[in-house]
Amino acid sequence: MGLLAGPAAAARPRAPLAKRPLVAGADPHRTVVKFSDAARARLDPAGRLHSEAGIDLEGLRRWLDARGLTLRPVFDDVPSLERVAARALARTGRAQPDLLGLFEVQGATLEDARALQARHDVEFVSLSPRVPPPPPLDIAPPTPDLTALQGYLGPDPGVDAVGAWALGYRGASVRLADIEYAWLVEHEEWNEGSLVPEPGQTPDFAALEGITDGNHGTAVAGVLIAGDNGYGVTGIAPDSTLGVYPELTVESGSRRPEAIIAAAADGDVGDVILLEMQVGENTVGEFGPAELTESVWLATRMVTDAGAVVVATAGNGDLDLDRDELAYYRDRGDSGAIMVGAGRPGTRERLGFSTYGERLDVQGWGQDVFTTGYGQYASYGDDPNQAYTSSFNGTSSAGPTVAGVAALVQDAVKAAGGPPLTSQQMRAVLRGTGLPQPEGDTGQIGPLPQAPAAIAAALVPPTEPPTLSIESPGATQTEAQTFTTTIDVAASDDTAFVQLSINGELQPLVDDVPPFSFAEVVFPVGTWEVVAVGSSIWALEGSSAPVVIEVGYVPPDTTGGEDGSSGEVGGGTASESGTTSGGTTSGQSPEGGSSTSAEGSSSGAAASGSSAGCRAGGGRPSWWMLVLFAAAATSRTRGRASRR
């Protein structure tokens, strides 16, 4: 049995997402509620809400009836969701969110949404627009070969897809998926079957009138998988197939998270899923990544846990994701998605419309992308299925340039017989081998990927373990009978998660959100050696130097002074308040404002701690230490999730 609460064999727990202030935009909004995982909220055959966990929801049912509100499950395809969730749990050991407890609240006002979010059995309520914001046989007459106009295919200033092709990697073993609005499925570049529509879902072109007519998705598909057939354009991964998943359909309405889960359920480990979406952030009034919406973040996290590589466009809102108002988003941690900004071809400077910030990983071409669709360059035979453009722009054009490179890299890894890269591993490879954003450029969007360099790095994974250190507390002695502190851990960029080892026992609770921290760790009388143990994204394990905490410390009899002052460890002696003198701090207020304290009440042990305590290398204590590993919103405010 471990020293911390919870069985060692249990799934690593997940913290609920923090509730954020609800601000409605000008457009009609879709209100979505997620009940707590513990509630296991479901609808019975009569459409009445109940809890499979036995929680009393009668008061909520009466409130919904009184307000004239009804609930509709967000996920209709339960088997697909359960399959993805099971795969995610098996691969990561991390408990997955109960997405069957996600419902659209039909007829809700802003006041209704706020009242619902205030309930203790509700994890969050989110508001999103009902209509999303804006985003191979040749057909006669013959289309000329236009690949010379695709500057992004070559080396600098491009992503050097041709270099990967020369190595023999063209994406044949990798399935791509594009999630957005609509596509021209009969375009000449994929009329031999390389573009595969999602069964049973039809893009709602009536609702999308004035937003897109299918050309946006067509342009994205051209960058990704246009055939290398001697005419028109050639995709970055021309031998891949592309599954297309509409997020607004005749059959299901608005379905962003559902489309993400469907793409993962239809695919396999190592597939690349592109999220070609943005969302208006109502607090600041700008466009940002779709995962600002809680349900999209949860779905993205689940499918990256399940082994998919997710590439997400950051949005065209010139939005700084490090703004104070977006702390709620940063506090969620890492969804696993590779976030893409829009760079200027040639200079790699951030284009002024691109969202930016520490969360962004890499950039793609944000303008002058030559691809299929629109007909701005030419529409041969006046046929939309033979249309081409030279000016596909935005993070919308940046996203597929990165997703295409990811498919080439994954193809190389699979050809070498290795396990497919995870989304986090792919991110590290692309970030570490790309051409850098110019020094001094305003707003981080990251480097421009280079396919051959990324392939070379992916085929020789790192062998060095992550580096970790316990930042606080330092080595500590206290005469108190218990000592309560927050343990803060600094870790290298490649660290996936951190656990604590106490007196040689690895504890089951895990933190996988940097900066890593364990709140309110309670030590009883005894001597405790604490080590931070981290696993990297490459499954390599590293550990910190130990920190020794001695609780119930008995000062030596100095006989030379009346006060019986104690000796020092690490330059100072901890008092019962959890602080030290002499320059060493233990139990200090952790990053973001969580306070710590050392309780003065007795644990039933003698002050010396001789029998009830646990000395380093000795037996277990007579009562178990507890960790309250609270959600970011209640136990700590992480601020921006800095990469140390």
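Scroll up a little and you will see the structure.
All of the points below concern the structure found in this document.

1. Some points on the overall build of the chain
And then number 1: Helix and strand counts for the chain come out as 12 helices and 29 strands.
And then number 2: Per-residue burial for the chain yields a buried fraction of 57% across its 644 residues.
And then number 3: Entry remark: accessible area of the chain is about 23,700 Å², with carbon and sulfur atoms responsible for 53%.

2. Quick word on the pairing of strand β6 (residues 122-129)
And then number 1: Taking burial as the measure, the 8 residues of β6 include 8 buried ones, the bulk of the element.
And then number 2: Relative to β6, strand β1 (residues 29-35) runs antiparallel, the two sharing 7 bridges. For valine 33, the partnering residue across the bridge sits in β6 and is valine 125.

3. Some remarks on the pattern of salt bridges
And then number 1: According to the stated counting rule, one finds 36 salt bridges in the structure shown.
And then number 2: The shortest N-O distance in the salt bridge between arginine 30 and glutamate 258 comes to 3.5 Å.
And then number 3: Here glutamate 258 falls in the buried class, since its relative accessible area comes to 9%.
And then number 4: Residue arginine 72 pairs with glutamate 104 through a salt bridge whose shortest N-O separation is 3.1 Å. Taken together, the residues span a long stretch of sequence, with arginine 72 in strand β4 (residues 70-73) and glutamate 104 in strand β5 (residues 102-106) at a distance of 32 residues.
And then number 5: Under the relative-accessibility criterion, glutamate 104 is labelled buried at 5%.
And then number 6: Sharing partners across several salt bridges, the network here consists of Glu291, Asp334, Arg359, Asp361, Arg427 and Arg431.

4. Quick notes on the sheet that holds strand β19 (residues 378-379)
And then number 1: Spatially, 3 strands are ordered β18-β20-β19 in an open sheet, and the strand pairing comes out antiparallel. Edge positions in the sheet fall to β18 (369-372) and β19, since each has one partner strand and no second.
And then number 2: Relative to strand β20 (residues 387-392), β18 is paired through 3 bridges, and the arrangement is antiparallel. Note that in β20 the partner of valine 369 across the bridge is phenylalanine 392.
And then number 3: Packed on one face of the sheet, helix α5 (residues 215-225) meets β18 and β20 and runs near 105° to β18.

5. Remarks on the sheet that holds strand β26 (residues 516-524)
And then number 1: The strand order across the open sheet built from 3 strands is β21-β23-β26, with neighbouring strands paired in antiparallel fashion. With one partner strand each, in any of the chains shown, β21 (468-472) and β26 form the two edges of the open sheet. When the angles between neighbouring strand axes are averaged without regard to direction, this sheet yields 35°.
And then number 2: Relative to β26, strand β23 (residues 482-491) runs antiparallel, the two sharing 7 bridges.

6. Some details on helix α2 (residues 78-92)
And then number 1: The end-to-end C-alpha distance of α2, which contains 15 residues, comes to 21 Å, matching closely the 21 Å that a straight helix rising 1.5 Å per residue would cover.
And then number 2: Taken together, the buried positions of α2 are Ser80, Leu81, Val84, Ala85, Arg87, Ala88 and Thr92. Down the axis of α2, the sector holding all buried residues measures 160°, keeping them to one side. Exposed side of α2, more than 90 degrees from the buried face: Pro79 and Ala90 are the residues found there.
And then number 3: Buried positions along α2 lie against α6 (256-266) and α7 (294-305).

7. Quick notes on the packing of helix α1 (residues 58-67) against helix α3 (residues 110-117)
And then number 1: For the pair α1 and α3, the least separation of the axes is 12 Å and the interaxial angle reads 175°. As judged from the angle between their axes, α1 and α3 are roughly antiparallel. Mapping the contact onto sequence places Leu60, Trp63 and Arg67 in α1 and Asp112, Ala115 and Leu116 in α3.
And then number 2: A per-class count over the contact of α1 with α3 returns 4 nonpolar, no polar and 2 charged.

8. Some details on the packing of aromatic side chains
The description of an aromatic ring pair uses the distance of the two centres, along with the angle that the planes make with each other.
And then number 1: One pass over the structure, following the stated rule, counts 6 aromatic pairs.
And then number 2: With a centroid separation of 5.9 Å and an interplanar angle of 70°, the aromatic rings of phenylalanine 35 and phenylalanine 103 are classed as edge-to-face. Of this pair, phenylalanine 35 sits in strand β1 while phenylalanine 103 sits in strand β5, placing them 68 residues apart in sequence. Phenylalanine 103 carries the same exposure label as phenylalanine 35, and that label is buried.
And then number 3: Pairing tyrosine 152 with tryptophan 365 gives two aromatic rings, centres 5.9 Å apart and planes at 70°, and the pair type is edge-to-face. In this pair, tyrosine 152 is assigned in the loop between β6 and α4 (161-166) and tryptophan 365 in strand β17 (residues 362-365), connecting sequence segments 213 residues apart.
And then number 4: Classification of tyrosine 152 as buried rests on a relative accessible area of 0%.
And then number 5: You can call tryptophan 365 buried: its relative accessible area is 8%.
And then number 6: Just above the ring of tryptophan 165 sits the side chain of arginine 170; from NZ or CZ to the centre is 5.3 Å.

9. Digging into the environment of tryptophan 365
And then number 1: With 208 residues separating them in the primary sequence, tryptophan 365 and proline 157 have C-alpha atoms 9.2 Å apart.
And then number 2: Contact partners of tryptophan 365, with chain neighbours within four places excluded, come to Gly151, Tyr152, Pro157, Gly158, Gly343, Pro345, Gly394, Ser397, Ala398, Thr401 and Leu448.

10. Details of helix α11 (residues 451-458)
And then number 1: Considered for burial, the residues of α11 that qualify are Ala451, Ala454, Ile455 and Ala458. Taken end-on, α11 shows its buried residues confined to a sector of 100°, consistent with a single buried face.
And then number 2: Residues of α11 that are buried make contact with α4, α9 (395-415) and α10 (423-433).

11. Some points on unusual backbone geometry
And then number 1: Across the junction of serine 472 and proline 473, the peptide omega takes the value -5°, indicating a cis bond.
And then number 2: Along the chain, proline 473 turns up in the loop between β21 and β22 (476-478).
And then number 3: Residue proline 515 is bonded to the preceding proline 514 through a cis peptide linkage, with omega at -5°.
And then number 4: Checked against the element boundaries, proline 515 lands in the loop between β25 (505-506) and β26.
And then number 5: Non-glycine residue aspartate 318 carries a positive phi angle of around 50°.
And then number 6: Residue placement: aspartate 318 occurs in the loop between β15 (309-313) and α8 (327-330).
And then number 7: In this structure, alanine 539 is a non-glycine residue whose phi angle is positive, near 65°.
And then number 8: By the element assignment, alanine 539 lies in the loop between β27 (526-536) and β28 (541-543).

12. Quick look at the side chain of threonine 300
And then number 1: If you trace the backbone, threonine 300 turns up in helix α7.
And then number 2: In this structure threonine 300 comes out as buried when scored by relative accessible area, which is 0%.
And then number 3: Setting aside its immediate chain neighbours within four residues, threonine 300 contacts Ile260, Leu275, Glu291, Val310, Ser335 and Ala337.

Here is what the cut-offs are and how they apply
Residues numbered from 1 in each chain as written. Predicted model: local features only at pLDDT ≥ 70, side-chain atom pairs only at ≥ 80, totals over all residues. Heavy atoms only, no water. Helix = DSSP H or I, 4+ residues; strand = E, 2+ residues; numbered from the N terminus. Buried < 20%, exposed > 50% of the residue type's maximum accessible area, 1.4 Å probe, protein only. Areas by Shrake-Rupley, 256 points an atom, 1.4 Å probe, with all protein chains shown as cover. Pairing = 2+ DSSP bridges. Salt bridge = Lys/Arg side-chain N within 4 Å of Asp/Glu carboxyl O. Contact = heavy atoms within 4.5 Å. Axes fitted to C-alpha atoms, helices over the stretch in contact; angles between N-to-C directions. Expected span 1.5 Å × (residues − 1). Arc of directions from axis to C-beta. Parallel < 35°, antiparallel > 145°, perpendicular 65-115°, else oblique. Nonpolar A, V, L, I, M, F, W, Y, C, P; charged D, E, K, R; others polar. Phe/Tyr/Trp six-rings, centres within 6.5 Å; stacked < 30°, edge-to-face > 60°. Lys NZ or Arg CZ within 6 Å of the ring centre and 35° of its normal.

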